[in-house]
Amino acid sequence: MIDYDSFLSRAGEQMQASLIRRMGTLLAENRDLISFAPGYPAHETFLWAEFRTIARDLLSGQDGDVLQYGPTRGFRPLLDLLIGIMAARGVATSADRLLVTTGSQQGLDLIARVLLDPGDVVLVELPTYTGAITAFRNVQGQMAGVPQEADGIDLAALDEVYLRLVAAGRRVRLLYLVPNFQNPTGLLIGQAKRRRLLEWAERRNVLIVEDDPYRELYFEDSACEADVRPMKADDVEGRVIYLSSFSKTLAPGYRVAWIDAPAALSAKLEVAKQAEDLCTGGLDQRMVYEAAHRGILDRQIPVLRKHYQAKRDVMVEALRREFGSSVSWPAPRGGFFLWATLPEAIDADHLSARALRHGVIYVAGDAFFVDDVRLPGKAQPAPEERAGRNLIRLSFSAPPHDRIRQGVARLAGAVREELAALRDPRDRPAPAGQAAR
Ligand SMILES: Cc1ncc(COP(=O)(O)O)c(C=O)c1O
């Protein structure tokens, strides 16, 4: 028997599968489960007929390049199209700044590889996106969390955390932000705060990673174009590395996304990408390019806004009906997520096993909280004070309306049972949120 663990690198030893990806597997294995866990787009929004036509045209056999290796930077017509997409978002860019990536997840991985040494610190919002946590941890970066307010990351706390880190001799390299409909909270960073964040980054000489997959999906009843203007649009100095993706608008299966970074960084990211996959799939890039070029994407975006807004409404109504005022959340103004606070007594991780038995899954809040840096004099929270303990992320994007209603009813059943069990400890299940971890 070979002990494969003894062959692992130090980085390899620390790599952990994402909890959310594993929940995707659970879902695939159990058809009756209602999943509020992974942030999947709705199947019913996929444009099968349009994609079939494009695929038929592309695979007519007239153009060998369709199935050939392509340039690492990306398929040139797609790069040109991205310049137009960025212009519509208020950002003047050029092909030497752009890099097409295999999902934004690869973009995060490339940024981590190119910009972080082991022990370097990334400042993140608390809570933050789990895929970014994985990417930064894989290169042994460390994350320091900064709390959020209703209009996004707390600037005063940000500077305080930064100064404490620097005083402790730590190298702070990046500030990672999801300004539009953050994963997991759904929050938007206010426009005034975005400008102050840019000023802060200049003053402290930190680069900003702006991760923006949800910006097109604002709900017209409560947000508009002006609210989602990226920080990159006001980045005169070249301090922002911007990422966006076609995953949430066309389909994540294509794995087509992009980075817009200052040209010198973009060149480095390109070299790093060569080691990972040489280039993003040429057929995928052409599928996405054609969908945008033929006007299909532009027609689809308003449809998606309405689709997800309606699902948000269904989830909000169901939560109000089932939970009354015992559960609260910041109103999602776009995106896929609702960030709910359960009654104080509930431990969301512990509740997962019971919820699973009721046929519903979600992501327990503590998956999104990270604070790797131990500074002298900083108290360790007691285990029962775990950050995010009674918080859950509910994705309303994928299930149809009736399943959302049913799922929230199942969740309410699990919460009622859990509260009763807490009053009568003989009824407690074995601690098993961990079963999914
Ligand atoms: C904030 C954030 N960044 C990046 C990604 C990854 O997107 P992609 O499918 O482009 O890899 C996601 C996906 O859920 C996300 O929520």
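Values in this document were obtained by computation on a predicted structure and should not be read as measured data.

Looking at the overall build of the chain
Part 1 of the argument: Along its length, the chain carries 13 helices and 13 strands.
Part 2 of the argument: Counting only C-alpha atoms and orienting by the principal axes, one finds that the chain spans roughly 70 × 60 × 55 Å.
Part 3 of the argument: With 437 residues in all, the chain has 46% of them scored as buried.
Part 4 of the argument: Summarising the internal contacts of the chain: among those between residues at least 6 apart in sequence, 78% fall at separations of at least 24.

Topic: the site of the ligand
Part 1 of the argument: Near the ligand lie 14 residues; those nearest to it are Gly 103, Ser 104, Gln 105, Ser 245 and Ser 247.
Part 2 of the argument: Among the elements that take part in the shell around the ligand, helix α5 (residues 103–115) stands out by supplying three residues, more than any other.
Part 3 of the argument: The residue makeup of the shell around the ligand, split by class, is five nonpolar, eight polar and one charged.

Here we look at the domain arrangement of the chain
Part 1 of the argument: You can read the domains of the chain as domain 1 (15–45 + 301–436) and domain 2 (60–297).
Part 2 of the argument: Of all the secondary structure elements, the ones that give two or more residues to the side of domain 1 that touches domain 2 are α2 (19–29), α11 (296–323) and β10 (337–341).
Part 3 of the argument: Ranked by residues supplied to the side of domain 1 that touches domain 2, first place goes to α11 with six residues.
Part 4 of the argument: Residues belonging to the side of domain 1 that touches domain 2 are distributed by class as follows: 22 nonpolar, seven polar and six charged.

Cut-offs used in this document
- Residues numbered from 1 in each chain as written.
- Predicted model: local features only at pLDDT ≥ 70, side-chain atom pairs only at ≥ 80, totals over all residues.
- Helix = DSSP H or I, 4+ residues; strand = E, 2+ residues; numbered from the N terminus.
- Buried ≥ 20, exposed ≤ 12 C-beta atoms within 10 Å, placed from the backbone.
- Contact = placed C-beta atoms within 7 Å.
- Near = placed C-beta within 6 Å.
- Nonpolar A, V, L, I, M, F, W, Y, C, P; charged D, E, K, R; others polar.
- Domains from an automatic or database assignment.

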